[in-house]
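# Structure at a glance
Listed below are the residues making up each chain.
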Amino acid sequence: MNAFVCKFQEDSDLLFTLFDGESHKPISENYVVKWSRTGIARDIDQFDNNRVLFTDLSKTDLSIPKMYLVCYAIRIGAMEMKEHDSKRASITTAMLTPSSKKHSQLSISSSGSFNSTEYIMRRPFGVACKDLTPILHKPDDFRGNLDLPFMLCEKDTLDGTLRKLIANKDIGKIDSKMAVTIEVLQGDIKQIKEDFPRLLHTNVPLARKMGFPEVILPGDVRNDLYLTLCGGEFARIAKTSEKNVEVTVYVCNEQGQVVPGVMSIGPGHPPIDEYKSVVYYHDDKPKWLETFKVRSTRLLSNFSY
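Residues numbered from 1 in each chain as written. Predicted model: local features only at pLDDT ≥ 70, side-chain atom pairs only at ≥ 80, totals over all residues. Heavy atoms only, no water.

### Points about the overall build of the protein
The helix and strand inventory of the protein stands at five helices and 17 strands. Looking at the 305 residues of the protein, the share that counts as buried comes to 46%. A separation threshold of at least 6 residues defines the contact pool for the protein, and within that pool the share at least 24 residues apart is 73%. In the structure as shown, the protein presents an accessible area of about 16600 Å², 51% of it carried by carbon and sulfur atoms. (Helix = DSSP H or I, 4+ residues; strand = E, 2+ residues; numbered from the N terminus. Buried < 20%, exposed > 50% of the residue type's maximum accessible area, 1.4 Å probe, protein only. Contact = heavy atoms within 4.5 Å. Areas by Shrake-Rupley, 256 points an atom, 1.4 Å probe, with all protein chains shown as cover.)

### Points about the packing of aromatic side chains
This structure, assessed with the given rule, holds three aromatic pairs. Seen from their ring centres, Phe125 and Phe150 are 5.6 Å apart, and the 45° between their planes marks the pair as tilted. Placement of the pair is Phe125 in strand 9 (residues 121-131) and Phe150 in strand 10 (residues 143-152), with a sequence separation of 25 residues. Taking the relative accessible area as the measure of exposure, Phe125 reaches 6% and is therefore buried. (Phe/Tyr/Trp six-rings, centres within 6.5 Å; stacked < 30°, edge-to-face > 60°.)

### Details of the nonpolar core
The nonpolar side chains of a soluble globular protein tend to be buried with one another. Grouped together as the largest cluster of nonpolar side chains are 32 residues, with contacts concentrated most on Val70, Tyr72, Leu158, Met263 and Trp288. Elements with a minimum of two residues in this core: strand 2 (12-20), strand 6 (67-77), strand 9, helix 3 (158-167), strand 14 (244-250) and strand 17 (287-295). Here this core takes four residues from strand 6, the largest share from any one element. Grouped together as the second largest cluster of nonpolar side chains are 28 residues, Met1, Met67, Ala73 and Val184 included. (Core = buried A, V, L, I, M, F, W, Y, C linked by side-chain atoms within 4.5 Å.)

### Side note on unusual backbone geometry
With glycine set apart, most residues show a phi of negative sign, and most peptide bonds adopt trans. For His24, which is not glycine, the phi torsion reads 55° and is therefore positive. Mapped onto the fold, His24 is located in the loop between strand 2 and strand 3 (25-26). Its identity as a non-glycine residue notwithstanding, His282 has a phi of 45°, on the positive side. Looking at the secondary structure, you find His282 in the loop between strand 16 (274-276) and strand 17.

### Section: the environment of Asn203
Tracing the backbone shows Asn203 in the loop between helix 4 (189-195) and strand 12 (206-207). Asn203 sits in the exposed class, given a relative accessible area of 73%. Through-space distance from the C-alpha of Asn203 to that of Asp45 is 9.6 Å; in sequence the pair is 158 residues apart.

Dropping the structure here:
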């Protein structure tokens, strides 16, 4: 990633993924760029080094009729970009944890009123995408610069905004964009590191395919559980307006103790103890479609979901 041309006032997480436009599903893990409101990476390790290697793609993957590079922009801040201290809002927190009977359990609790200027949330900001199919179908390797049109979510969901971009409907004039450099490389990780040391001279994160590659190399052990938070329906209480719903996911052992550091948003972001969903404003039927990963041999051998 080279630049992000857009007007915004708060820090953001930019989640890049390879996306199957036919089945409308992500192909790879997310690569997370921690972008600051000043227009540069806010992680010192990513400063001037926002790069990732998408791996494990087979010939079948590359023959997908429509493959997109998609970026979801998640704003980190209050409910509104400009909030006043006198404003109050309410939020419902949903916690997804395994129960002692080894299955997932969803519990809902409401935190009542809170100062929206103090409560930090992950809020939908916008989506950028670009069709990579012409590049991937070239007979030779490709290297070049691309601009990804960026569209604000407005009142739509991240997934709904992506669908508009892919269908090229109701998008109007788009002035914002992301500038990226794409390079297509042939071979496994070991071969690429030997052939292209100029690209992998630093500790470049790997965004793996959400599934096994066609050839599993010796020593390549994976025990990953990918969870997709799809959506929910939450009843309106009395005559109040719809709630602002946030889902928090923990991984717990059979004693109910939280197991730290076993979840991941994606490479480029350190392991997390809990996953918090995006919060949609006054939506009692939110559709998140957010995917994250649980990675632990010990956990997955002891639990079923």
